[in-house]
Amino acid sequence: MSDLLKLISYPLSFILIGYGAMTILGGHITPGGGFQGGAIMASGAILCILAYGLKENPFNFSHERMSIIESFGALGYVFIGLCGLFTGGSFLYNLGTNIYGLVPSGVEAIFNFPDALHAGIIPYLNIVVGLKVFIGLTTLVVLFYSVTKYKEDYVDDEEIE
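A.B. asks: Sorry, what's going on with the packing of aromatic side chains here?
C.D. replies: Remark: the centre distance and the inter-plane angle together describe each pair of aromatic rings, the angle taken between the planes. Under the defined criterion, the tally for this structure stands at 5 aromatic pairs. Ring centres of Tyr10 and Phe14 lie 5.0 Å apart, and the angle between their planes is 85°; this geometry places the pair in the edge-to-face category. Taken together, the positions of Tyr10 and Phe14, both in helix α1 (residues 3-25) and 4 residues apart, correspond to about one turn of that helix. For Phe14, a relative accessible area of 42% gives the class partly exposed. Between Tyr10 and Tyr52, the aromatic rings sit 6.4 Å apart at their centres with planes inclined by 80°, giving edge-to-face as the arrangement. Taken together, the residues Tyr10 in helix α1 and Tyr52 in helix α2 (residues 34-52) connect sequence positions 42 residues apart. Taken together, the ring pairs connect Tyr10, Phe14, Tyr52, Phe59 and Phe61 into an aromatic cluster.

A.B. asks: So what exactly am I meant to see when it comes to a nonpolar patch on the surface here?
C.D. replies: Taken together, the side chains of Tyr77, Val78, Leu82, Leu85, Phe86 and Phe91 present a nonpolar region at the surface, about 550 Å² in accessible area. Position of Leu82 among the secondary structure elements: in helix α3 (residues 63-88).

A.B. asks: Could you clarify how one ought to interpret the side chain of Ser13 in this entry?
C.D. replies: Tracing the chain through its elements places Ser13 in helix α1. In this structure, Ser13 is in contact with Gly44, Leu47, Cys48 and Phe59, ignoring residues within four places of it in sequence.

A.B. asks: Got a minute to help me understand the nonpolar core in this structure?
C.D. replies: Generally speaking, a soluble globular protein has its nonpolar side chains buried in company with each other. Core analysis: the biggest nonpolar cluster contains 17 residues, and Met41, Ile49, Phe59, Phe61 and Phe134 have the highest contact counts within it. Those elements that place two or more of their residues in this core are α1, α2 and α5 (122-149). With 8 residues, the single largest contributor to this core is α2. Those residues in contact with Ile49 that sit more than four places away from it in its chain are Leu54, Asn57, Phe61, Thr138, Val141, Val142 and Tyr145. Formed by 8 residues, the second largest nonpolar core is a distinct cluster that contains Ile80, Phe111, Ile121 and Leu125.

A.B. asks: Looking at this model, I keep getting lost on the environment of Ser43. Mind explaining?
C.D. replies: Inspection of the secondary structure assignment puts Ser43 in helix α2. For the pair Ser43 and Ile17, spaced 26 residues apart in sequence, the C-alpha separation works out to 8.0 Å.

A.B. asks: Help me understand α2 in this model?
C.D. replies: Over its 19 residues, α2 runs 27 Å from end to end, which matches the ideal 27 Å to within 8%, given 1.5 Å per residue. Gly53 sits one or two positions beyond α2 and adopts a positive phi of about 90°.

Conventions and cut-offs
Residues numbered from 1 in each chain as written. Predicted model: local features only at pLDDT ≥ 70, side-chain atom pairs only at ≥ 80, totals over all residues. Heavy atoms only, no water. Phe/Tyr/Trp six-rings, centres within 6.5 Å; stacked < 30°, edge-to-face > 60°. Helix = DSSP H or I, 4+ residues; strand = E, 2+ residues; numbered from the N terminus. Buried < 20%, exposed > 50% of the residue type's maximum accessible area, 1.4 Å probe, protein only. Patch = residues over 30% accessible without salt bridge, like charges linked within 9 Å, V, L, I, M, F, W, Y side chains within 5 Å. Areas by Shrake-Rupley, 256 points an atom, 1.4 Å probe, with all protein chains shown as cover. Salt bridge = Lys/Arg side-chain N within 4 Å of Asp/Glu carboxyl O. Contact = heavy atoms within 4.5 Å. Core = buried A, V, L, I, M, F, W, Y, C linked by side-chain atoms within 4.5 Å. Expected span 1.5 Å × (residues − 1).

Okay, here's the thing in structure tokens:
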């Protein structure tokens, strides 16, 4: 790619990743949330992949790092859901708001998000879903990008009759 595209795409990707993080963190009071913010963050990472390629990419998208981040997102979602199941009686029970008065006060204080609108566990769910979507969409593009690299290896480009 051209040097101008590389020069513009690197700072623009940080702006997109920051905007995606802002969408995730404000998702409980504004339109957006984990999925939308994760998709915005992935678009910033995809921009760098397309401009720099996989080898020279400023973000190190190794399999181990991507696997760790995606596992953290999935396990965080399950952990938050199980906390609601064991203390509130149902999976993903909103522990911070404690609508039915089932949660002990110590557990309620942990998940009480300091916000005027009292969102409970919703911001934490947005964070783990955002990480999962960010890495999931980025993984798809990395796989597609690496498959197109080996296009020359195909022997039969002829149409099958």
